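# Secondary and tertiary structure notes
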Amino acid sequence: MTAEIRPLAAPEFAAAWQMSRLAFGGGDRQPPDGALGERPGRQSWGAFDSAGRLVAKAVDREQGHWFGGRLVPASGVAGVAVAPELRGTGLARRVLTALLGAARQRGAMISTLFPTVPDPYRRLGYEEVGALVWTALPTADLARAARPPEVRPRTAEQADVPALLEIYRTVARLGAGLLERSGPLFDTTAHGVLAGHDGITVAESGAGEIEGFASWDRGPGYDVAAWLSVPDLLGLTARATTALLATLGTWAPVAPALRLRLPDPDPATKLASFAGASVHSRDPWMLRVIDASAAVSARGWPMQLQGSIDLLVEDEVCPWNAGPHRLSLSGGHGTLTPGGSGAVRLTARGLALLFAGGTDPSLLRRAGLMAGPSHDDGFLQVLSAGPSPALLDYF
């Protein structure tokens, strides 16, 4: 069908909200206060039919992800929806293609999203690189953890908030994929951080340094079905993480179950018994590279790795990425420049996996995402071996 693809104007926000309500099952028939206003850090895109009716939409979130110790500007895609009678007609692809091109113009180098189903996004060059996982654990499993005497758990105060944000950022720098929790999408004021949870417990050393924190929210009841959710459990030292685990264990009499949002792997699982752990929920997330040359230059790479490989990148949705390129790494920095022999064919989905890390070139070959000579697979193995990509924030 003929459709006009463009950013939404303020009078069209109500139609977009209604489309999201129907697609994702919102209960309220009327939007909450503030839902129809301009929201900093978000740009809504839509497809309009010949009568001017909104028939598809998606949201571009201005955010950043940490890879290799460096922050990579990104487009977080959310709220993708199509009118029921027009699903399967390619409207979502057209909206997202326009969104990605505009996101590149504003400086985004990669795009991430949580899919309802992966196939439509794979056709756009996205690939699953990780998952946001909530782990279920009997609280009694932590009741046996011994609290280190040199660390004091206490309630977080307003003056602690800068330290909490820096602890998260330190963990994010060491990992792969974690969101940068700053900018217009995050309330980093002391009130915003502390009011976001029922409680935040910090682990403070004898010298007064905060070495970790756990945020928590109390579920209903105090019987066998009662639970406590822990969105963040972040320790910079083993003693801090152990102290926080021991403190969570004291909830056993009134909240027999814990739900912990942890990346995999996580130090907490090495410091306490997780014998009774199970997956409470798992939300896969996907990544695609929007601007390949800029993204390769922006992220950090293994410091000791030096070398290059000739790639032939295939990318129909972001054609500026396509063609022969030479990928070179030296001293933790990377470049992707046009040229070279194009000996190794790499699809957009394969590029996403290599960029995100935690993968293996043999996996890409067996999945049909990479082909060509394999004599440089050792280079690609080290290049992509970094931490397993993880997210602790759903969007």
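Report on the accompanying structure.

Another point: the overall build of the chain. Helix and strand counts for the chain come out as 12 helices and 18 strands. Its C-alpha atoms give the chain a radius of gyration of 23 Å, within 12% of the compact-globule value 21 Å for 395 residues. Counting over 395 residues, the chain shows a buried share of 49%. Accessible surface computed for the chain: about 17,500 Å², of which carbon and sulfur atoms make up 54%.

This part takes up the sheet that holds strand E17 (residues 344-347). On the basis of which strands lie adjacent, the open sheet formed by 5 strands has the order E16-E15-E14-E17-E18 and mixed pairing. Each having just a single partner strand, strand E16 (333-338) and strand E18 (370-371) make up the two edges of the open sheet. Here 6 bridges tie strand E15 (residues 323-330) to E16, and the two strands are oriented antiparallel to one another. Bridge pairing in E16 links Leu329 to Gly334. Across the sheet, helix H10 (residues 348-356) touches strand E14 (307-314) and E17, and the angle it forms with E17 is around 90 degrees.

For Asp60, the location among the structural elements is in strand E3 (residues 54-67). Asp60 sits in the buried class, given a relative accessible area of 5%. Excluding residues that lie within four positions of it along the chain, Asp60 makes contacts with Gly41, Arg42, Gln43, Ser75, Gly76, Leu99, Ala103 and Arg106.

Thresholds applied
Residues numbered from 1 in each chain as written. Predicted model: local features only at pLDDT ≥ 70, side-chain atom pairs only at ≥ 80, totals over all residues. Heavy atoms only, no water. Helix = DSSP H or I, 4+ residues; strand = E, 2+ residues; numbered from the N terminus. Rg over C-alpha atoms; globule rule 2.2 N^0.38 Å. Buried < 20%, exposed > 50% of the residue type's maximum accessible area, 1.4 Å probe, protein only. Areas by Shrake-Rupley, 256 points an atom, 1.4 Å probe, with all protein chains shown as cover. Pairing = 2+ DSSP bridges. Contact = heavy atoms within 4.5 Å. Axes fitted to C-alpha atoms, helices over the stretch in contact; angles between N-to-C directions.

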